[in-house]
Amino acid sequence: MPTVSNGSHEIHYDDHGGDGSTVVLIHGWPLSGASWGAQVPALLEAGHHVVTYDRRGFGQSGKPGEDSTYDYDTLTSDLDALLRELDLTDVTLVGFSMGGGEVARYIGTHGEDRVRAAVFAAAIPPCLKKDDEHPDGALDDATVEGMQDQLRADPPGFLDGFVTSFYSAGDELKVTEEQRQAAVGLANQADVHAAVQCIRSWVEDFSGDLAKVTVPTLVIHGDADGIVPLEVSGQRTAEQVAGARLHVVEGGPHGINDSHTEEFNRELLAFLAR
């Protein structure tokens, strides 16, 4: 099983091959790199070199102890270790949901020397936090703490409900039950402590990171996203990144890469071919 070491942490990755420009796919919470199953074949067919990896504590990556941290500086150091170990350059970073935070923080911290382009898919930047400084945010401290408490108390139940919301527009499930169950299976691979701590990281502020993005950027987001609302995330990211292209998936829930695969892949491949 291929891994990259970052200190004492082992990060599992899959190098899917391909000879063209490299695309690194960064998954959302609480899934793993396997959640990109509907995108990897299309990217390979288009000739791209594709790499996926599992965030620390998720999927097949190592399950760090309870003294481990899951802030975005730490999570982005894992991405940096991967890019350096595999010596990846001219890379398009594609971040879904929580993965969009790694894309923003990587560029904000490590620059764009290795980066060709950026994609924010149903992603959490620029800032989901709701407080006096961010009155138009989506998640206040009480909501974050409540989600953490619910996850600790009943991991399978919480994750099952979360995955349903992940793929729903309003009350309508936009994927098959088989797809939903597959995602539940990936979610249940996550270390509970890691998953709990990552919820707190969702409300970090990426505005300063986005200000440093100068590479071509695609923002793709569903207008029925009940997890990361378009109005407080995708729209604002597109406004803050100069020249960014915003594509709104009509009727799209949070998990648009599975619910609207054809449209998602079409827009991603067109952007990569520009």
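Please refer to the structure placed before this passage.
Not measured: the values here are computed from a predicted model.

**With respect to the nonpolar core**
In this structure, Val24 and Trp29 are the most contacted members of the largest nonpolar core, which totals 84 residues. Aside from chain neighbours lying at most four places away, what touches Val24 is Val51, Tyr53, Leu79, Leu82, Leu83, Leu88, Val91, Thr92, Leu93 and Val94.

**What to know about the packing of helix α4 (residues 141-153) against helix α7 (residues 192-201)**
It is the contact of α4 with α7, at a shortest axis distance of 9 Å, that shows an interaxial angle of 170°. Relative to α7, the element α4 is oriented roughly antiparallel. Residues Asp141, Val144, Glu145, Met147, Gln148, Leu151 and Arg152 of α4 touch α7, and the partners they reach there are Val192, Ala195, Val196, Gln197, Ile199 and Arg200. Per-class residue counts for the contact of α4 with α7 are 7 nonpolar, 2 polar and 4 charged.

**Digging into unusual backbone geometry**
Cis rather than trans, the peptide bond between Trp29 and Pro30 has omega equal to 5°. For Pro30, the position within the fold is in the loop between β3 (22-26) and α1 (40-45). Put simply, Pro125 and Pro126 share a cis peptide bond, and its omega is 5°. Its place among the elements puts Pro126 in the loop between β6 (115-121) and α4. Even without a glycine there, the phi angle at Asp90 is positive, about 55°. You can see Asp90 is positioned in the loop between α2 (72-85) and β5 (91-96). In this structure, Ala122 is a non-glycine residue whose phi angle is positive, near 50°. Structurally, Ala122 can be placed in the loop between β6 and α4.

**Focus: the sheet that holds β6**
As summarised here, the arrangement of the 8 strands in space is β1-β2-β4-β3-β5-β6-β9-β10, forming an open sheet in which the pairing is mixed. Two strands lie at the open edges of the sheet, namely β1 (3-6) and β10 (245-249), each paired on one side alone. Taken pair by pair, the neighbouring strands of this sheet meet at an average axis angle of 20°, ignoring direction. Here 5 bridges tie strand β9 (residues 217-222) to β10, and the two strands are oriented parallel to one another. For Ile220, the partnering residue across the bridge sits in β10 and is His247.

**Comments concerning the packing of helix α5 (residues 155-166) against helix α6 (residues 177-187)**
Each pair of packed helices can be described by the angle between their axes along with the distance between the axes. It is the contact of α5 with α6, at a shortest axis distance of 9 Å, that shows an interaxial angle of 135°. Comparing their axes, α6 and α5 come out oblique. You can see that α5 and α6 cross each other, and the crossing is right-handed. Counted together, Leu159, Asp160, Val163 and Thr164 of α5 and Arg180, Ala183, Val184 and Ala187 of α6 form the full contact between these two elements. Considered class by class, the residues forming the contact of α5 with α6 number 5 nonpolar, 1 polar and 2 charged.

The rules behind each value
- Residues numbered from 1 in each chain as written.
- Predicted model: local features only at pLDDT ≥ 70, side-chain atom pairs only at ≥ 80, totals over all residues.
- Heavy atoms only, no water.
- Core = buried A, V, L, I, M, F, W, Y, C linked by side-chain atoms within 4.5 Å.
- Buried < 20%, exposed > 50% of the residue type's maximum accessible area, 1.4 Å probe, protein only.
- Contact = heavy atoms within 4.5 Å.
- Axes fitted to C-alpha atoms, helices over the stretch in contact; angles between N-to-C directions.
- Helix = DSSP H or I, 4+ residues; strand = E, 2+ residues; numbered from the N terminus.
- Parallel < 35°, antiparallel > 145°, perpendicular 65-115°, else oblique.
- Nonpolar A, V, L, I, M, F, W, Y, C, P; charged D, E, K, R; others polar.
- Pairing = 2+ DSSP bridges.
- Left-handed = near helix turned anticlockwise from the far one by under 90°.

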